[in-house]
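A structural walkthrough
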Amino acid sequence: GITMRDVLEHAYLQVRVAGKGSFRPNAVMLNPVDVTKLKSLKDSTGQYIMPLYLSNNGYDVNGIPIIENDQMTAGDFLIGDFTKFGWFNYRALTIQTYDQNEDDVLKDFLTVAGSLRAISRIKTPEKPAIVKGTFSTAITALQA
């Protein structure tokens with residue numbers, strides 16, 4: 001049957017084909033639950049399937065590092081060429097300190113506040129450099 005690793009391999013291929021050589025996936029983001037599922041895949045005889053390879057920096061698939069991200073929903077995956085992901089500052093980081101909160105002066109405390117205005121984006125022609133999906137949906141699609 002189709003496994004989570006198959007899904008990641010096809011997503012990798014999808015990014016490569018879409019970029020016609022200009023997109024190179026460089027990270028996979030998964031919830032820790034899904035990383036554990038990948039590590040514990042077994043075949044019909046109970047032997048572990050080795051979908052992940054241990055490297056110096058942790059686990060990877062197809063040479064691409066897997067980043068455990070608690071903000072990812074279990075069952076979802078995100079793979080892509082994150083060099084196409086842009087970050088732009090609208091307003092630089094500002095840090096202010098205050099000693100006027102209740103008894104801060106008496107206790108020698110400072111309140112520190114910081115703010116930053118920024119946007120992240122991917123240019124429209126580079127949207128195929130990032131693939132996000134759900135394992136269950138992708139497995140169903142690959143079985144068709």
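Residues numbered from 1 in each chain as written. Predicted model: local features only at pLDDT ≥ 70, side-chain atom pairs only at ≥ 80, totals over all residues. Heavy atoms only, no water.

**A closer look at the overall build of the chain**
Rules: A run of DSSP states H or I qualifies as a helix once it reaches four residues; a run of E qualifies as a strand once it reaches two. Both are numbered from the N-terminal end. C-alpha atoms define the radius of gyration, and 2.2 Å times the number of residues to the power 0.38 defines the globule rule. For each residue, the accessible area found with a 1.4 Å probe, counting protein chains only, is set against the maximum for its type, and the residue is called buried under 20%, exposed over 50%, and partly exposed in between.
A count of helical and extended segments in the chain gives 4 helices and 8 strands. The N-to-C order of helical and strand elements in the chain reads α-β-α-β-β-β-β-β-α-β-β-α. Taken over C-alpha atoms, the radius of gyration comes to 21 Å for the chain, far larger than the 15 Å a tight globule of 144 residues would show. Evaluated residue by residue, the chain yields a buried proportion of 28% over its 144 residues.

**Here's the deal with helix H1 (residues 4-19)**
Test applied: What a helix is expected to span follows from its residue count: subtract one and scale by 1.5 Å.
Taking 1.5 Å of rise per residue, the 16 residues of H1 would be expected to cover 22 Å, and the 23 Å separating its terminal C-alpha atoms lies within 8% of that figure. Once H1 ends, the next one or two residues include Lys20, with phi positive near 50°.

**Quick word on the packing of aromatic side chains**
We describe a pair of aromatic rings using the distance from one ring centre to the other and the angle between the two ring planes. Basically, it comes down to this: Here the aromatic set is Phe, Tyr and Trp, taking the six-membered ring for Trp, and pairing holds for ring centres within 6.5 Å; pairs whose planes are under 30 degrees apart are stacked, those over 60 apart are edge-to-face, and all others are tilted.
Evaluation of the coordinates by the stated rule reveals 1 aromatic pair. Pairing Phe77 with Phe135 gives two aromatic rings, centres 5.1 Å apart and planes at 45°, and the pair type is tilted. Taken together, the residues Phe77 in strand S5 (residues 76-80) and Phe135 in helix H4 (residues 135-143) connect sequence positions 58 residues apart. Relative accessible area serves as the criterion here: at 5%, Phe135 is assigned to the buried category.

**Details of the pattern of salt bridges**
What counts is decided by this rule: Counted as salt bridges are all cases of a side-chain nitrogen of Lys or Arg within 4 Å of a carboxyl oxygen of Asp or Glu.
A complete count under the given rule lists 1 salt bridge for this structure. For Glu9, the salt bridge is made with Arg5, and the minimal N-O distance between the two is 3.1 Å. In this pair, Glu9 and Arg5 both sit in helix H1, 4 residues apart, roughly one turn of the helix. We classify Glu9 as partly exposed; its relative accessible area is 23%. Accessibility expressed as a relative area gives 21% for Arg5, which makes it partly exposed.

All quantities given are derived from atomic positions and should not be read as evidence of function.
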